[in-house]
Amino acid sequence: MISNSLRGVPIAVLPDSVSKRIAAGEVIERPASVVRELIDNSLDAGAEAVEVEYRGGGLDSLRVRDTGWGMSREDLEKCHLPHATSKIRSLDDLDRSRTLGFRGEALSSIAAVAELEIVSFREGDDSGNRILLRGGAVTTLDSVPANRGTSVDVRRLFADFPARRRFLGRARGEATAIRNTLLDKAIPFPDVRFTLSSESRKILTLPPSSLVRRVSQAFGQSVREEMFQEISGSGDGFSLTVVAGHPELFRRDRRLIQVFVNRRRVWEFRLMQAVEYAYTDVLHGGLYPVASLFLDIDPDKADFNIHPAKREVRLRTAGEIHHRIVELLRAHLHAYTVKHVSLDRELTFPPSATGGTPSLGYSPEPTKGKIPFFAPHESPAGGYKPEPLQPHSVPTQPDDSPTDLTFVGFLFETFIIVQRSDRVYIIDQHAAHERILYDRFRESRASQPLLIPEEFEVTEDQDASLSRVSSEYRSLGIVIERREPRRWAVASAPPEYRENLEDLIETILELGGLEEAWDRRFLAELACKAAVKGGDRVDSGSALKLAHTTLNLPVPRCPHGRPLWVELDRNDLLRLIGRL
Ligand code: ADP
Ligand code: MG
């Protein structure tokens, strides 16, 4: 909850000199903006519970009720005036203010486009009071019995503004926007109870809870709380909390990288990027994490007075914050690798293998929740090439260091089994090889000309698109040149790519370039193509080498975030068959 220091401060109209310097602009664009402003007011009033109810997508009626400290009769008379606020008195106050609102404009803007009824009861007063506003003018002000707190009813929103009403989406779209707005408000206030209902149907109930639970509840039933971990850190004048999703939880867009600054959801690209960047070791190839970042910063280091709805913020120490986020998350993700399968938990790894509720990341279908997550590994466009029948020799690191592993065997033509003293490792041969290649491709950018350039034919469309994007490949050390119409050649490439030229060309033709994060995706696709597949036969010497390299990887996850191996020890096995 917001600090109590504002309790009892009376409302005053800001002088012109102050109001002129506050970011101007329309704040009430649709029903969800009303919800946003009213919830802000409830939270600023220290409410422990906030109830939102609406009909007809919020256009017919909309009510926000809270258990905050309420308003006196005098405040009620003033609260709807332009620039009337109890939260700041001067521009300097902005540098100290931690309230969500400060412009004194929300209620007056709502009153200008709707009928407004506010009932409020301030603790210690004899009774509650009610004010009714129509067309911006007060029609009623009287005493009424009321519960502690404030209830704001908004009716006939934009009824006298047919152009605006036409512009709005259908009721269903507005309902979705209301729900999302409420979630954006509820996530950073986990100790406040929120409910949302419409036409006597409960849509959401969020009881007071921990931050992690609130985040996972906001994402719907399909996301288990265990998929998140809360981590915190701090820096000069700021502190950070990240509710970090497990790498197996991901999306193909950035929508679930949420950033909150001083408990306001903001679209701060640099901070989102910091989170995304920290995850690249465990998630790449066009996959984005699910994570909520909460930055709490001294108000004088963050300027919210640049956007009327405060969706943007200017941070004075953005660089340092960025750095700290990456550092904090990286350290966390590094330790976040599942290494041991505990048989006490009934071989629940991978989580979906036991059936039941499909867990995220493993379930290709969007489950009950509305947020679609995707399978970690869908086969790339074009599918795999026919499997060669002869044993595959696996080029791994030029690493011939002695190994203490013993080769045990292959399983289901998919896994390599090795043993080290009383431990057994079951390794996914494709995923492991893919990871090793990905790391190698990523690290080698030193281009070397090919003695004989590798030529390839392309279609007319591919010819045109390659002409557009070919120069981008230089950043990966790959030089491709157009020889004649519809005929291209790889002229130069890092040595690591040599043995995979065919895969390289195929990947270039499939992926092109230009789209965002294409280079990471490119490398992931290339590694996937070039790696041995499940079903490929591998010779035992290569298998052992692959196992050795894999078990020594700093990040034992495939480029899609899945673990590369599981480990069992002797006792696990004895316990499994009841001998221990
Ligand atoms: P702002 O929030 O920027 O101050 P508003 O127009 O939203 O401007 O509200 C004006 C004033 O009305 C607030 O400063 C606050 O004092 C009072 N107020 C509004 N809503 C509530 C509420 N739910 N509980 C208590 N006071 C409220
Ligand atoms: Mg407000």
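Structure: above.
All figures in this text were calculated on a predicted structure; none of them were measured in a lab. (Residues numbered from 1 in each chain as written. Chains lettered and ligands numbered in written order. Predicted model: local features only at pLDDT ≥ 70, side-chain atom pairs only at ≥ 80, totals over all residues. Heavy atoms only, no water.)

Q: Quick question: what am I supposed to make of the overall build of the protein chain here?
A: Tallying secondary structure elements over the protein chain gives 16 helices and 26 strands in all. By the burial criterion, 54% of the 580 residues in the protein chain qualify as buried. In the protein chain, of all internal contacts separated by at least 6 residues, the share reaching a separation of at least 24 is 70%. (Helix = DSSP H or I, 4+ residues; strand = E, 2+ residues; numbered from the N terminus. Buried < 20%, exposed > 50% of the residue type's maximum accessible area, 1.4 Å probe, protein only. Contact = heavy atoms within 4.5 Å.)

Q: What am I meant to see in the packing of aromatic side chains here?
A: The geometry of two aromatic rings is summed up by the distance between their centres and the angle between their planes. Going through the model one piece at a time under the given rule, you end up with 6 aromatic pairs. Ring centres of Tyr 425 and Trp 565 lie 5.6 Å apart, and the angle between their planes is 80°; this geometry places the pair in the edge-to-face category. Of the two residues, Tyr 425 sits in strand S22 (residues 423–428) while Trp 565 sits in strand S26 (residues 565–569), which places them 140 residues apart along the sequence. Look at Trp 565 and you get buried, because its relative accessible area is 8%. Centre to centre, the rings of Phe 441 and Tyr 497 are 4.9 Å apart; their planes meet at 65°, and the pair counts as edge-to-face. Of this pair, Phe 441 sits in helix H11 (residues 429–443) while Tyr 497 sits in the loop between strand S25 (487–493) and helix H13 (501–511), and the two are 56 residues apart along the sequence. (Phe/Tyr/Trp six-rings, centres within 6.5 Å; stacked < 30°, edge-to-face > 60°.)

Q: Just checking my understanding: could you explain unusual backbone geometry for this structure?
A: In this structure, Glu 199 is a non-glycine residue whose phi angle is positive, near 45°. Secondary-structure assignment places Glu 199 in the loop between strand S9 (193–198) and strand S10 (201–206). The backbone of Arg 263 shows a phi angle near 65°, a positive value even though the residue is not glycine. With respect to the secondary-structure elements, Arg 263 resides in the loop between strand S14 (257–261) and strand S15 (264–265). Exposure remark for Arg 263: the relative accessible area of 26% places this residue in the partly exposed category.

Q: Any chance you could explain helix H8 (residues 211–218) here in plain terms?
A: Side chains three or four residues apart in an α-helix point the same way, a direct result of the helix having 3.6 residues per turn. Taken across its 8 residues, H8 has 6 buried, putting it largely inside the fold. Of the positions making up H8, those classed as buried are Leu 211, Val 212, Arg 214, Val 215, Ser 216 and Ala 218. Tucked into the core, H8 has its buried residues touching helix H7 (171–186), S9, S10, strand S11 (228–235), strand S12 (238–245) and strand S17 (291–297). Downstream of H8 by one or two residues, Gly 220 has phi in the positive range, about 100°.

Q: What is the right way to read the site of ligand 1 from this model?
A: Ligand 1 sits among 19 residues. The nearest are Asn 41, Thr 85, Ser 86, Lys 87 and Gly 104. At 2.8 Å, a side-chain N or O of Asn 41 approaches an oxygen atom of ligand 1. With respect to ligand 1, the side chain of Thr 85 contributes an N or O atom lying 2.6 Å from an oxygen atom. Its free accessible area being 530 Å², ligand 1 has 95% of it covered by the protein chains. If you list the elements that add at least two residues to the shell around ligand 1, you get strand S4 (84–85) and helix H5 (106–113). Residues belonging to the shell around ligand 1 are distributed by class as follows: 8 nonpolar, 7 polar and 4 charged. (Near = heavy atom within 4 Å. Polar contact = N/O pair within 3.5 Å; in protein donor to acceptor, adjacent residues only side chain to side chain. Areas by Shrake-Rupley, 256 points an atom, 1.4 Å probe, with all protein chains shown as cover. Nonpolar A, V, L, I, M, F, W, Y, C, P; charged D, E, K, R; others polar.)

Q: Any chance you could explain the sheet that holds S25 here in plain terms?
A: Note on sheets: strands pair through backbone hydrogen bonds, and any given pair is parallel or antiparallel. Strand order across the open sheet formed by 3 strands is S23-S25-S24, with antiparallel pairing between neighbours. Each edge of the open sheet carries a strand with a single partner, namely strand S23 (448–457) and strand S24 (479–484). Adjacent strand axes in the sheet meet at a mean angle of 25° when their direction is disregarded. Both S24 and S25 contribute to a ladder of 5 bridges, which runs antiparallel. Bridge assignment links Arg 482 to a residue of S25, and that residue is Trp 488. Relative to S23, H13 is tilted by about 55°, and along the sheet it contacts S23, S24 and S25. (Pairing = 2+ DSSP bridges. Axes fitted to C-alpha atoms, helices over the stretch in contact; angles between N-to-C directions.)

Q: How should the environment of Thr 99 be read in this particular structure?
A: As for its placement among the helices and strands, Thr 99 is situated in the loop between helix H4 (91–94) and H5. Between the C-alpha atom of Thr 99 and that of Asn 41, which follows or precedes it by 58 residues, the distance is 8.9 Å. Side chain to side chain, Thr 99 and Ser 97 meet in a polar contact 3.0 Å long.

Q: Teacher, can you tell me more about the pairing of strand S5 (residues 115–121) here?
A: Side chains on a regular strand alternate between the two faces of the sheet. Burial runs high along S5: 7 of the 7 residues are buried. In this structure, S5 lies alongside strand S8 (residues 149–155), joined through 7 bridges in antiparallel fashion. Looking at S8, one finds that Glu 115 is bridged to Arg 155. Relative to strand S6 (residues 128–134), S5 runs antiparallel, the two sharing 5 bridges. For Glu 117, the partnering residue across the bridge sits in S6 and is Leu 132.

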